[in-house]
Amino acid sequence: MLIAESLSSVRYESGRGCRVESGLWRGPYTGLQFTDPGQLDVDHMVPLANAHRSGGWAWDTGQKSAYANDLSYDNHLIAVERSANRRKSASGPEEWKPPRRSYWCQYAIDWIAIKERWELAATEREAAALQSMLAECAEPPTLVVRRAEAAAPAPTGDRTAIPAPDLLFDPSGPDRDCGDFPTWAEAQAFYEAAGGPDRDRHRLDGDGDGVACESLPGAP
């Protein structure tokens, strides 16, 4: 993504071409320009956790992996300013919008298109926020937002139905692994408090599907 979205030729840390050292990127969320890739994140337009809540809980491992790594739609994955991505986290447009208002039109179009491609639903608040963002388009498109009522309900074992327990460890403290947690619910609560699934700093979600430590008792 860093190579594809750079506005100039990138430079690499070594002749092997494995790691980008510099280039020129414009963060779409803020409009600011960057030459240091360390100031950027590669963001899922529709975050993994949102996709999971919106119907992705029913996907098998292969489909979850396909979603996480999809390059077939240009803006499914985008290079964005790191601090803006941290503020967005796993929020939908009803909770967070890009600070750059002129990007709202494209943001809403991409969000709706991705959810439609993957047959994911939107809540009523999310749909209303998307419609208000489409109003920023010079010629607002007519797009149908798939409402949550059209999606099959999540099974009772889904993680969204389980109340989060008190955290056993400090999410910003030393690294933890799945063996530190007696149950999945405790591991999942810790994982989300530490920034998962957008920032899995403790590496608890090996397959990137938004569910940590799936081998533990109680996992969906």
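How each quantity is defined
Residues numbered from 1 in each chain as written. Predicted model: local features only at pLDDT ≥ 70, side-chain atom pairs only at ≥ 80, totals over all residues. Heavy atoms only, no water. 1 Å grid on protein atoms, 1.4 Å probe; cavity = no way out; pocket = protein on both sides within 12 Å on 5 of 7 lines; lining within 4 Å. Points joined across faces, edges and corners; volume = space filled by probe spheres on them. Helix = DSSP H or I, 4+ residues; strand = E, 2+ residues; numbered from the N terminus. Nonpolar A, V, L, I, M, F, W, Y, C, P; charged D, E, K, R; others polar. Phe/Tyr/Trp six-rings, centres within 6.5 Å; stacked < 30°, edge-to-face > 60°. Buried < 20%, exposed > 50% of the residue type's maximum accessible area, 1.4 Å probe, protein only. Lys NZ or Arg CZ within 6 Å of the ring centre and 35° of its normal. Core = buried A, V, L, I, M, F, W, Y, C linked by side-chain atoms within 4.5 Å. Contact = heavy atoms within 4.5 Å.

Student: I'd like a description of empty space enclosed by the protein, backed by residues and values.
Tutor: On inspection of all chains with the given rule, the structure shows 2 cavities of 30 Å³ or more. By volume, the largest cavity is sized at about 80 Å³. If you trace the largest cavity, you find it lined by Leu48, Ala51, His52, Gly56, Trp59, Lys64, Tyr67, Ala68, Gly208, Asp209 and Gly210. Counting only elements with at least two residues in the lining of the largest cavity, the list comes to helix H2 (48-53) and helix H3 (61-68). Roughly 50 Å³ of internal volume is contained in the second largest cavity. Taken together, Trp111, Ile112, Lys115, Glu116, Leu120, Ala121, Ala122, Leu130, Val144, Val145 and Arg146 form the lining of the second largest cavity. Counting residues per element, the lining of the second largest cavity draws most heavily on helix H5 (residues 104-117), at 4 residues. In terms of residue class, the lining of the second largest cavity is built from 8 nonpolar, no polar and 3 charged.

Student: Give me the packing of aromatic side chains: which residues, what numbers.
Tutor: One pass over the full model with this rule turns up 10 aromatic pairs. Look at tyrosine 29 and tyrosine 107: their rings are 5.8 Å apart centre to centre, the planes differ by 70°, and that puts the pair in the edge-to-face class. Taken as a pair, tyrosine 29 in the loop between strand E3 (25-26) and strand E4 (33-34) and tyrosine 107 in helix H5 lie far apart in primary sequence, 78 residues in all. Across the pair, tyrosine 107 and tyrosine 29 agree in class, each one buried. One aromatic cluster is present, formed by Tyr29, Trp96, Tyr103, Tyr107 and Trp111 through successive ring pairs. Between the NZ or CZ atom of lysine 97 and the centre of the ring of tryptophan 104, over which it lies, the distance is 5.9 Å.

Student: Now, about the nonpolar core: what can you tell me, with residues and values included?
Tutor: Tyr29, Met45, Tyr67, Tyr107 and Ile114 are the most contacted members of the largest nonpolar core, which has 30 residues in total. Contributing elements (two or more residues each) for this core: H2, H3, strand E6 (77-81), H5 and helix H6 (124-134). Top element by residues in this core is H5. It accounts for 7 residues. When sequence neighbours within four positions are dropped, the list of residues in contact with tyrosine 29 reads Asp43, Ile78, Val80, Ala84, Lys88, Trp96, Pro98, Pro99, Arg100, Tyr103 and Tyr107. Ranked by size, the runner-up nonpolar core spans 10 residues in total, among them Ala187, Leu204, Ala212 and Leu216.

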